[in-house]
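Residues per chain are reported as follows:
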Amino acid sequence: MTFELKISVKDDQRYLASDVKQMMIDFLEALGRTDYVEGYIDGVSEELSALEIATATTTEERMSTAPVVLFDDRRDTLVNLAEVMKNQFADCLSFAISEISDESWQSCWNPDFVPLQTQKFFIVPLGHGMSTPVGLERVEIDAGNGAFGTGQHATTRAVIQVLEKRIKDWQPSSVLDVGTGTGIYLILAGKLGLSKLIGTEISDDLVSLASSNCQMCGVDATVLRSEEIQFEFQFDLIIANILVPVLHGLMPQMASHLKPKGALVLAGFVEKEEGALLRLAASYGLDLEMTAQETGWRVLVLRKMSMNG
Ligand SMILES: C[S@@+](CC[C@H](N)C(=O)[O-])C[C@H]1O[C@@H](n2cnc3c(N)ncnc32)[C@H](O)[C@@H]1O
């Protein structure tokens, strides 16, 4: 069970919301709570104007007034934190604590999918009218019933940025995308020149959706329905943007399906969850190569350098 504390800056002419937000973040960090997330799971789109959506404004701009959210498995920890913040910030902030069921956490991918502009690609919902910025490759994706969207969009964006930056150095010839959703990483990997592309999903609908998205984008990929990773061969690159308990559970399988020197890209968690994941990964011979983050959501790149994986 996870609880969410959403802290918003009240609309008030006396001060700039972005300044109050920055003071709140400084205060939280001084308290040692560096695991906050800017924007909340399915609420970021509320902060976007039509113009921002149309121009795919940068995350920094979007986030300047978006709420700050903390997650904790103890409600009373969040209640106490809200009390401390109330005292410190008088009437500038409003607080809401809610419970996030495992199901809603898992299905929080909001269907309101806004264009995503990366270094090389302009990823838009199928049939979106907006023209493609010069120099970018357009990728149209059927977002289905919320398999990819604005809230957790930040994690997807961060993973894509890592792939764009690092894939040339890794030169992988095979990719496994665990929990492929719409198939977005398979499509981009195909467009970046990779050829052996396999995705897995626990949802039958998403297996169909990812397969048809890949086909529509001219990418030859295989998407399988599976909760486990069971192959007789190993991959150069494995990507998994999933809930932390799932990442923990799949770690042994991911490690054993990674070729020596292969890269494992993990996402879907915040800073406070990272230490345990890193320790588990290290016990399977996976060393940290780099980290990245987008509005509080972290990405780990691990390499299989030792022989005990
Ligand atoms: C957060 S979404 C990621 C979607 C997409 N890869 C992205 O990053 O935008 C996680 C996906 O993992 C799938 N999933 C959850 N547990 C899984 C498992 N054990 N094996 C395969 N897929 C799983 C869910 O159905 C969901 O589509």
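Report on the accompanying structure. None of these values were measured; they are calculated from a predicted model. (Residues numbered from 1 in each chain as written. Predicted model: local features only at pLDDT ≥ 70, side-chain atom pairs only at ≥ 80, totals over all residues.)

1. Structural notes on the overall build of the protein
How we decide: Strands are runs of DSSP state E lasting at least two residues, helices are runs of H or I lasting at least four, and both sets are numbered from the N terminus onward. Buried residues are those with 20 or more other C-beta atoms within 10 Å of their own C-beta, exposed residues have 12 or fewer, and partly exposed residues lie in between; C-beta atoms are placed from the backbone. Here the contact rule is simple: place C-beta atoms from the backbone, and any two residues whose C-beta atoms are within 7 Å are in contact.
The helix and strand tally for the protein stands at 10 helices and 14 strands. Taking all 309 residues of the protein together, 38% fall into the buried category. Taking the contacts inside the protein whose residues are at least 6 apart along the sequence as the reference set, 69% of them involve residues at least 24 apart.

2. Describing the nonpolar core
Where we set the bar: For the purposes of this analysis, a nonpolar core is taken to be any set of buried Ala, Val, Leu, Ile, Met, Phe, Trp, Tyr and Cys residues that are connected through C-beta atoms within 7 Å.
Core analysis: the biggest nonpolar cluster contains 68 residues, and Val159, Ile238 and Val265 have the highest contact counts within it. Sorting elements by how many residues they give to this core places helix H6 (residues 153-170) first, with 7 residues. Those residues in contact with valine 265 that sit more than four places away from it in its chain are Val159, Val162, Ile239, Val299 and Val301.

3. Quick look at the site of the ligand
Filter applied, for reference: Any residue whose C-beta atom, as placed from the backbone, lies within 6 Å of a molecule or strand is termed near it. Classification convention: Asp, Glu, Lys, Arg as charged; Ala, Val, Leu, Ile, Met, Phe, Trp, Tyr, Cys, Pro as nonpolar; all other residues, Gly among them, as polar.
Around the ligand, 22 residues are found, and the nearest of them are Thr156, Gly179, Gly181, Glu227 and Asn241. Of all the secondary-structure elements, those providing two or more residues to the shell around the ligand are H6, helix H7 (184-191) and strand S9 (196-201). Each residue belonging to the shell around the ligand can be placed in one class, and the counts come to 11 nonpolar, 9 polar and 2 charged.

4. Things to note about the pairing of strand S6 (residues 121-125)
Regular strands place side chains that alternate from one sheet face to the opposite one. Cut-off, in case you're wondering: A pair of strands counts as paired when DSSP detects no fewer than two bridges linking them.
Of all 5 residues that make up S6, 4 are buried, and the element is covered over most of its length. The pairing of strand S5 (residues 116-117) with S6 spans 2 bridges and is antiparallel. Bridge assignment links glutamine 117 to a residue of S6, and that residue is phenylalanine 122. Counted between consecutive antiparallel strands, the loop separating S5 from S6 contains 3 residues. Both S6 and strand S7 (residues 137-141) contribute to a ladder of 5 bridges, which runs parallel.

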